[in-house]
Amino acid sequence: MPTAAKFVAAITFAFVAWFAAGLVPPYLPKGTRIGYLLELSAFIGVLMGWQISGRHAGTGVRAGLGYGLTTMAAIVFWVLLFSAGDEMLERSMNLHYDGPVQALTEAVKLFLEYGLLLAKPDILVWLICGALFGGWVTELTARNWS
C-alpha cells in the first residue's frame, strides 16, 4: 500500500543513487561507455527505497538510519550486478569468451572491479551520508504523515 514514507524514500534514494552514479565516470578509463548507468541507478534507488526503507519506516530514528544504510547497500549491489551483467553480455555478443563458465567468471571479476571503483572517498562519503539522510528523512515522514 502506498504511503508518504515509501514515496519519500523512493524519491530520496533515487536522487542519492543518481548523483552517486554521476560521480563514477571521471574514474573510468577514457572512452568507457556508461550507457544508462544514471537511469539504472535512479530506477533501482526508487525500487529499493520503496521496498526497504519505505516499508520499514516508523520504527524509530536509529532503525531508520540502519534501514537507510541497508537500502544503499542493496542499491549498490543491484547496480553493480546489472552493470557487470550488461558488460558481460556485451562482450559475449562479440565472442570474447570461450564458453558460459568463462563468461560467468568474468562477470564476477567485473562486479568486483566495478565495486573497487566505488571505493573512492567522494563516492563513499556521498553514499554513506546519502543513506543516513534518506533513512532519517523517511523516518521523519513516517512520523509526521502516518
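The structure presented is a predicted model; accordingly, all values stated were derived computationally and were not measured.

### Topic: the pattern of salt bridges
Inference 1: For the structure shown, the criterion picks out 4 salt bridges.
Inference 2: D86 is the partner of R33 in a salt bridge, and the nearest nitrogen-oxygen pair spans 3.5 Å. With R33 in the loop between helix 1 (4-23) and helix 2 (37-54) and D86 in helix 3 (residues 61-93), this residue pair connects regions lying 53 residues apart in the sequence.
Inference 3: For E106, the salt bridge is made with K109, and the minimal N-O distance between the two is 3.6 Å. With E106 and K109 both in helix 4 (residues 100-117) and 3 residues apart, this pair spans about one turn of that helix.
Inference 4: Taking relative accessible area as the criterion, K109 reaches 43% and is therefore assigned partly exposed.
Inference 5: The structure contains a network of salt bridges with shared partners spanning R33, D86 and E90.

### Let's talk about the packing of helix 1 against helix 3
Axes are the key here: two packed helices are described by the angle between their axes and the distance separating the axes.
Inference 1: Where helix 1 meets helix 3, the closest approach of the two axes is 11 Å, and the angle between their N-to-C directions is 50 degrees. In terms of orientation, helix 1 lies oblique with respect to helix 3. Seen from above, helix 1 lies across helix 3 with right-handed handedness. Mapping the contact onto sequence places F13, V16 and A17 in helix 1 and G68, T71, M72 and I75 in helix 3.
Inference 2: Class assignment for the residues of the contact of helix 1 with helix 3 results in 5 nonpolar, 2 polar and no charged.

### Examining unusual backbone geometry
Inference 1: Look at L95: it is not a glycine, yet its phi comes out positive at around 55 degrees.
Inference 2: On the secondary structure map, L95 appears in the loop between helix 3 and helix 4.
Inference 3: Residue L95 is classed as exposed on the basis of its relative accessible area, which comes to 75%.

Conventions adopted
- Residues numbered from 1 in each chain as written.
- Predicted model: local features only at pLDDT ≥ 70, side-chain atom pairs only at ≥ 80, totals over all residues.
- Heavy atoms only, no water.
- Salt bridge = Lys/Arg side-chain N within 4 Å of Asp/Glu carboxyl O.
- Helix = DSSP H or I, 4+ residues; strand = E, 2+ residues; numbered from the N terminus.
- Buried < 20%, exposed > 50% of the residue type's maximum accessible area, 1.4 Å probe, protein only.
- Axes fitted to C-alpha atoms, helices over the stretch in contact; angles between N-to-C directions.
- Parallel < 35°, antiparallel > 145°, perpendicular 65-115°, else oblique.
- Left-handed = near helix turned anticlockwise from the far one by under 90°.
- Contact = heavy atoms within 4.5 Å.
- Nonpolar A, V, L, I, M, F, W, Y, C, P; charged D, E, K, R; others polar.

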